[in-house]
Structure formats: structure tokens, C-alpha cells
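# Structure assessment
Chain by chain, the residues:
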Amino acid sequence: MNASEDSLAPEVRSILNAARERPGGDERVSVSARSFPDAVAETEAAGRVPVVAEVKPTSPTTDGERTDDPVELAEEMVAGGATALSVLTEPDHFGGSTENLRRIREAVDVPVLRKDFVVKESQLDAVEADLVLLIARFVGEDLPDLVTAARERGFQPLVEVHDRAELESALEAGAEIIGVNNRDLGKLEVDLETFESVAPHAPDDVTLLAESGVKTVGDARRMRAAGADALLIGTAIMDGDVRANTERFAGATDAAEDAKTDADTDTETTE
Ligand SMILES: O=P(O)(O)OC[C@@H](O)[C@@H](O)c1c[nH]c2ccccc12
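Read on for an overview of the structure.

What counts and what doesn't
- Residues numbered from 1 in each chain as written.
- Predicted model: local features only at pLDDT ≥ 70, side-chain atom pairs only at ≥ 80, totals over all residues.
- Heavy atoms only, no water.
- Helix = DSSP H or I, 4+ residues; strand = E, 2+ residues; numbered from the N terminus.
- Buried < 20%, exposed > 50% of the residue type's maximum accessible area, 1.4 Å probe, protein only.
- Contact = heavy atoms within 4.5 Å.
- Areas by Shrake-Rupley, 256 points an atom, 1.4 Å probe, with all protein chains shown as cover.
- Near = heavy atom within 4 Å.
- Polar contact = N/O pair within 3.5 Å; in protein donor to acceptor, adjacent residues only side chain to side chain.
- Nonpolar A, V, L, I, M, F, W, Y, C, P; charged D, E, K, R; others polar.
- Arc of directions from axis to C-beta.

### Things to note about the overall build of the protein chain
Along the protein chain, the regular secondary structure elements total 14 helices and eight strands. Within the protein chain, buried positions represent 51% of all 271 residues. Summarising the internal contacts of the protein chain: among those between residues at least 6 apart in sequence, 67% fall at separations of at least 24. On the protein chain, roughly 12300 Å² of surface is accessible, and the fraction owed to carbon and sulfur atoms is 44%.

Now the structure itself:
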């Protein structure tokens, strides 16, 4: 363990230790990826909020585990208007599997992100996906090589950052899709201000995701107002009717807000 790992929450250290032991694939994968930036642009053009809905059976910060068929959940999310899906493949702490991802990607047409703690190149070969997550804090100075290795296989790398220094590393590594995680991996606490403080420093041509902690339509609007091109939402979608939940977030547009404000104003003027 190095000094920066000392500051990680024990659960996160355990996730990372397990990730380092996990074997990679036997053969190098070659993916023909569904474009995430194009999917985001199409959703915008349709006047909807780009939502990446996450199939996350459980997590260290979630009570209980959702045991429904992940493929059915994924199809419901797409029916609810999800622009893309995120699928946990981490087995020990999130109830995920590469098999879930493989089945889901076969069943839907939208881009699918592999959500895992990839720390070495061979682990990229565990399963095909359209996007693959690389967490800046966990891969450290290997980030540029992993970004390249991911692209060589056809993946669109999504680089996750938590502060401005990590954003700079992501940009130096050539990342074009960047997620700002509102969850602090040291304390496991969520603060939406994280995205608000990092986002203004990202260049416009980057596809920027706000990750974690979006619980309400108000939170979704807040992240959009701060510059999020897309929202990555797990818990708030997994809790209850995943289709209705996805629809609610995908409809969290400014237009909806304006309509609401107008309605409020109307009520006030008629009172
Ligand atoms: O459930 P939430 O708060 O909506 O968060 C989703 C997603 O951002 C979160 O699951 C996540 C962000 N980065 C990760 C890295 C690995 C595993 C999971 C994650």
C-alpha cells in the first residue's frame, strides 16, 4: 500500500486489493464500439437529458441486493429512455459479473459501459463493452498507457476523476470522455459540489459526466446547470421501478423546469 491508499475508506481498499488479484482475459478483445458522444448528441437533439443508467445489484454503500434479472432491468432502463447503460462487473463488492455485461450488451442497442476497477492491461480483455472505466486515482501513472491500450482494443475509455489535478492527468492522457465522481473514495461521502468545482476546468470538446449522488430531479438539473453532458445514475434508478425512474431523470430538462416555474408564477398571479 502506498501513502495515498492510506486515505482510502477500508471498503475501497478491500475493493482495490481484490481488483489487483483478478485475472484478465485469455485473448485480446477487439470491439466495434457504439459511439457514446453520438448517443449523447441524439438524446440532446430529442430534447432529453442524457442519462447513463447503472445496473448495480449492490454496493458498499447500499443496503440489500437487487436480485432481478439484470437483462430485464437493462431493457427497462432503455425503455425509460436511457442514453447508455453502465454495468458493474465487479463480483465481490457490487454483485456484478462479466456475464451480466455480455448478456446485457447483446440485448440492447445503446452503448454499454463496463464499470469495474481495471488496474492492468490484461483485465481489459475480460469482456467486450463500448466504454470502459479507468479510475485516475487507482491507476495513477499508468493512466496514459491504459487509455491507449483501451483504444487499441476499440473501447471508448471513460476516465473518472475527483479533483482538478486528476482532471489534468486525464486530459494529459488524452481522455475525451471524463466523469467527475461526486463520491469521495476516501470517506465514501457524496458532495455534488465536487462536480461543480471541477467541471468549469474541462474543455468544451470533452464529453463530461456527473457521476454519483444524483438522487432527485433537482440534483439532475443542478448537475446539468453546472455543465454535465450526461448523468451517471445508479442507486436512485435501481431503487424501485427502474423504467419510471429513468424516465423521470431523462425528462429533467430546463424546459420542464421553465414550465414548472411558469406554472408556479401563474398560480401566484391568479391568487
Ligand atoms: O449510485 P449512484 O450514487 O447514483 O452512483 C453511480 C455511480 O457513479 C457509482 O456507482 C460509481 C462511480 N464510480 C464508480 C466506480 C466503481 C464502482 C461504482 C462507481
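Next comes the rest of the account.
### Brief notes about the site of the ligand
Among the 18 residues in the neighbourhood of the ligand, the closest are listed as Glu54, Lys56, Glu160, Ser212 and Thr235. Glycine 213 is positioned such that a nitrogen or oxygen atom in its backbone is 2.9 Å from an oxygen atom of the ligand. A distance of 2.5 Å separates an oxygen atom of the ligand from a polar side-chain atom of threonine 235. About the coverage of the ligand: the protein hides 96% of its 440 Å² of free accessible area. Where the shell around the ligand is concerned, the elements lending two or more residues are strand 4 (131–135) and strand 8 (230–233). Classifying every residue of the shell around the ligand gives seven nonpolar, five polar and six charged.

### Focus on the environment of aspartate 163
Tracing the backbone shows aspartate 163 in the loop between strand 5 (156–161) and helix 9 (164–172). Among the polar contacts made by the side chain of aspartate 163, one reaches the main-chain amide nitrogen of alanine 165 at a distance of 3.3 Å.

### Notes on helix 8 (residues 143–152)
Listed in full, the buried residues belonging to helix 8 are Leu143, Leu146, Val147, Ala149 and Ala150. One side of helix 8 carries all its buried residues, which in axial view fall inside an arc of 165°. Residues of helix 8 that are buried make contact with strand 4, helix 7 (136–139), strand 5 and helix 9. Positive phi appears at glycine 154, one or two residues downstream of helix 8, with a value of about 100°.

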